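Results of the structural survey
What follows is each chain in one-letter form.
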Amino acid sequence: MMIFTIVLNLPLFLADWFFVIFHSVLILFNLFGWVWRKTRKAHLITISLTLLSWGFLGIWYGWGYCPLTDWHWQVLEKMGTEGLPNSYISYLLERLLNWQPKQEWVDMGTLAFTLLAFGMSIWVNFRKKISTAKISE
């Protein structure tokens, strides 16, 4: 019976793990993609899109809106999961580490580390251009 249930829910099971892996990799890339010279431009694009989603789409869907989270929640709800948190980071901490810190701490940490990574991305992507422009004046 369990194998039959798994086979029937295989697309949802695969979608769930796709989102866990893809979204986690994107989060890690948003945090650390600025470090490597070859990924700096891509990092600036992905972290800018993330912040635009949080702010601009957040006007309609609520601050911090992420389409990936929304789509993953839809998959999880079809699988019967209830009581999902507002934050994907909270979800990952609970799912992967079985840890539930206060939501306020998760939100503050998420925003702080994202803004730090965004600032670093701006710095590493534009520092040479600025210093080169000053030298040529």
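Above: the structure in question.
Because the structure is a prediction, the values reported are computed rather than measured. (Residues numbered from 1 in each chain as written. Predicted model: local features only at pLDDT ≥ 70, side-chain atom pairs only at ≥ 80, totals over all residues. Heavy atoms only, no water.)

1. So, the packing of aromatic side chains
- According to the stated counting rule, one finds eight aromatic pairs in the structure shown.
- Both rings, one in Tyr61 and one in Tyr65, keep their centres 4.4 Å apart while their planes meet at 25 degrees; by these two values the pair is stacked.
- Residue classification places Tyr65 among the buried positions, given a relative accessible area of 14%.
- An aromatic cluster is present here, built from Phe18, Phe19 and Phe22 joined pairwise through their rings.
- Against the face of Trp17 rests Arg95, its NZ or CZ located 4.6 Å from the ring centre. (Phe/Tyr/Trp six-rings, centres within 6.5 Å; stacked < 30°, edge-to-face > 60°. Buried < 20%, exposed > 50% of the residue type's maximum accessible area, 1.4 Å probe, protein only. Lys NZ or Arg CZ within 6 Å of the ring centre and 35° of its normal.)

2. Quick notes on helix H4 (residues 67-78)
- Taking 1.5 Å per residue, 12 residues should reach 16 Å; H4 reaches 17 Å between its end C-alpha atoms and fits that length.
- When H4 is considered as a whole, its buried residues turn out to be Leu68, Thr69, His72, Trp73, Val75 and Leu76. Considered in projection along H4, the buried side chains sweep an arc of 160 degrees and stay on one side of the axis. Exposed and facing more than 90 degrees away from the buried side of H4 are Glu77 and Lys78.
- The inward-facing, buried residues of H4 abut helix H2 (10-32) and helix H5 (88-97).
- Phi turns positive, to about 95 degrees, at Gly80, one or two residues after H4. (Helix = DSSP H or I, 4+ residues; strand = E, 2+ residues; numbered from the N terminus. Expected span 1.5 Å × (residues − 1). Arc of directions from axis to C-beta. Contact = heavy atoms within 4.5 Å.)

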